[in-house]
Amino acid sequence: MAGAKVIPNGRRLYCNCPFCVEIVRNFMDSSSTLIWRMLATRVFRLVGNRALSTSICLRGGHGVAKVEDYTLPAYFDRRESPLPDIKFVQQLSPDQKSLKEKEKGSWAALSKEEKIALYRISFKESFAEMDKGTGEWKSVVAGIFFFIGFTGLVVLWQRNYVYGDVPHTFDPEYKQKEVQRMLDMRINPVEGFSAKWDYENNAWKK
Amino acid sequence: MFSHVLLKVSSDRLWSFSSTASVAARSYSHGKQETDEEFDARWVTYFNKPDIDAWELRKGMNTLIGYDLVPEPKILEAALRACRRLNDLASAIRILEAVKDKSGPHKEIYPYVLQELRPTLSELGIPTPEELGIDKA
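These lines cover the structure that appears in this document, whether it is placed above or below. (Residues numbered from 1 in each chain as written. Chains lettered and ligands numbered in written order. Predicted model: local features only at pLDDT ≥ 70, side-chain atom pairs only at ≥ 80, totals over all residues. Heavy atoms only, no water.)

1. Remarks on the overall build of chain A
Move 1: A count of helical and extended segments in chain A gives 8 helices and 4 strands.
Move 2: In chain A, the order of α-helices and β-strands from amino to carboxyl end is β-β-α-α-α-α-α-α-α-α-β-β.
Move 3: Within chain A, the proportion of its 206 residues that are buried is 22%.
Move 4: When the accessible surface of chain A is totalled, it reaches about 15,400 Å², and 59% of it is carbon and sulfur. (Helix = DSSP H or I, 4+ residues; strand = E, 2+ residues; numbered from the N terminus. Buried < 20%, exposed > 50% of the residue type's maximum accessible area, 1.4 Å probe, protein only. Areas by Shrake-Rupley, 256 points an atom, 1.4 Å probe, with all protein chains shown as cover.)

Right, dumping it as structure tokens:
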């Protein structure tokens, strides 16, 4: 019958699963009953009976919360932790089961293949296998070169199709006039530009 | 080739990567330092527990491998015997692999350890990873 247990504040608990019953029993038996009752009434008032009971015991009504995979011990190959929490192979085939039985006897009686098989039941990769490199660096370097090359093509295209002509001041004739003007002005005559010009012979100094 | 190994090993101390002098697993700024012999004895006692269970073996090995040292052959022998009591050949082989891995660049440690463990390995029938061919990827 629903609502078998009555909570101090007079409300009933709808769920009779072991979890909820236990919680109610704890509320009622606790030595600091007053505080518990205050808490209990607060909780029930906020959450509501049904919400609380369904949040504690999930569908199925068996009173046990579903166990998530990620909460169980996991297998992993690590150098720093050579013996993982669980064996790699959890469901053994009949052959593997009989091998496990044979393992209880003398190990010298096992053949080399059987020993390897036993190792592979417990472990996924040997140290050598787990430590070996992946060669990923080659892909990374290849990718780097590829994208640098691609960028070069983009830059070339850009030079041709995006940028306009350079100003007329880059024309050779204009440049010549610029140089002549600088020489006339005696730019850097001591050690720099004009110092390299031979004014008598109208040529660059040899 | 092994002469310098014998020099290192003559005092039957643990190796640590920093020096061949005795270095405890923990460094305190004060307080009594545990000697190498005490450390070894403690671990040998741990693995020699007659009714050691699988969890304790795993915990012990993982903790031991976490230290900055290669365990002494006598500790490893106790661990291998614990594997035998637990009927776990795979873990015994794994322990040998871990020792080789722990030696890092000091390539002379692993052959020495195998040499010291040879009687135990033969007695218990434990193959080395090299004998099984799993030392190559």
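2. Some details on the nonpolar core
Move 1: Trp107 of chain A together with Phe47, Met61, Leu64, Leu80 and Ile126 of chain B are the most contacted members of the largest nonpolar core, which has 48 residues in total.
Move 2: Residue assignment for this core shows that the elements contributing at least two residues are α5 (112-122) and α6 (127-131) of chain A together with α2 (36-47), α3 (54-66), α4 (73-85), α5 (89-103) and α6 (109-124) of chain B.
Move 3: Not counting the four nearest positions on each side in its chain, Ile126 of chain B is found in contact with Trp107 of chain A together with Leu80, Leu89, Ala92, Leu96 and Leu121 of chain B. (Core = buried A, V, L, I, M, F, W, Y, C linked by side-chain atoms within 4.5 Å. Contact = heavy atoms within 4.5 Å.)

3. Side note on the interface of chain B and chain A
Move 1: With 28 residues of chain B in contact, the opposing surface of chain A contributes 33 residues.
Move 2: By the criterion of area lost to chain A, the three top residues of chain B are Leu89, Arg94 and Asp101 of chain B, representing 27% of everything that side buries.
Move 3: Counting every contact that joins chain B to chain A gives 2 salt bridges.
Move 4: At the junction of chain B with chain A, the criterion picks out 16 residue pairs in polar contact (both at pLDDT 80 or more).
Move 5: Of all the secondary-structure elements, those providing two or more residues to the side of chain B that touches chain A are α3, α4, α5 and α7 (129-132) of chain B.
Move 6: Looking at which element gives the most residues to the side of chain B that touches chain A, the answer is α5 of chain B, with 9 residues. (Buried area = accessible area lost by both parts, 1.4 Å probe. Salt bridge = Lys/Arg side-chain N within 4 Å of Asp/Glu carboxyl O. Polar contact = N/O pair within 3.5 Å; in protein donor to acceptor, adjacent residues only side chain to side chain.)

4. A look at the packing of α2 of chain B against α3 of chain B
Residue and element names in this part refer to chain B.
Move 1: At their nearest, the axes of α2 and α3 sit 10 Å apart, and the two run at 155° to each other. As the angle between them shows, α2 and α3 are arranged roughly antiparallel. Along this stretch, α2 crosses α3, giving a crossing that reads as left-handed. Judged by residue contacts, Phe39, Trp43, Tyr46 and Phe47 of α2 engage Glu56, Leu57, Lys59, Gly60, Met61, Thr63 and Leu64 from α3. (Axes fitted to C-alpha atoms, helices over the stretch in contact; angles between N-to-C directions. Parallel < 35°, antiparallel > 145°, perpendicular 65-115°, else oblique. Left-handed = near helix turned anticlockwise from the far one by under 90°.)

5. A word on the side chain of Asp88 of chain B
Move 1: One can find Asp88 of chain B in the loop between α4 and α5.
Move 2: Despite its burial, Asp88 of chain B pairs with no opposite charge; the closest candidate is Lys87 of chain A, at 4.4 Å N-O.
Move 3: Apart from the residues lying within four places of it in its own chain, the contact partners of Asp88 of chain B are Lys87, Glu103, Trp107 and Ser122 of chain A together with Cys83 of chain B. (Lys, Arg positive; Asp, Glu negative; His and termini not counted.)

6. Let's talk about the pattern of salt bridges
Move 1: Using the criterion set out here, one finds 18 salt bridges over all chains in the structure.
Move 2: Shared partners join several salt bridges into a network, and the residues in it are Lys49, Asp51 and Glu56 of chain B.

7. Quick look at the environment of Arg42 of chain B
Move 1: Structurally, the position occupied by Arg42 of chain B is in helix α2.
Move 2: Note: C-alpha distance between Arg42 of chain B and Ile75 of chain B (33 residues apart in sequence) is 9.1 Å.

8. Focus on the packing of α3 of chain B against α4 of chain B
Residue and element names in this part refer to chain B.
Move 1: Relative orientation of the contacting elements α3 and α4 amounts to 155°, with a least axis distance of 11 Å. As judged from the angle between their axes, α3 and α4 are roughly antiparallel. In the packing of α3 onto α4, the handedness of the crossing is left-handed. Here Leu57, Met61 and Leu64 of α3 lie close against α4, whose contacting residues are Ile75, Ala79, Ala82 and Cys83.
Move 2: Of the residues in the contact of α3 with α4, the class split is 7 nonpolar, no polar and no charged. (Nonpolar A, V, L, I, M, F, W, Y, C, P; charged D, E, K, R; others polar.)

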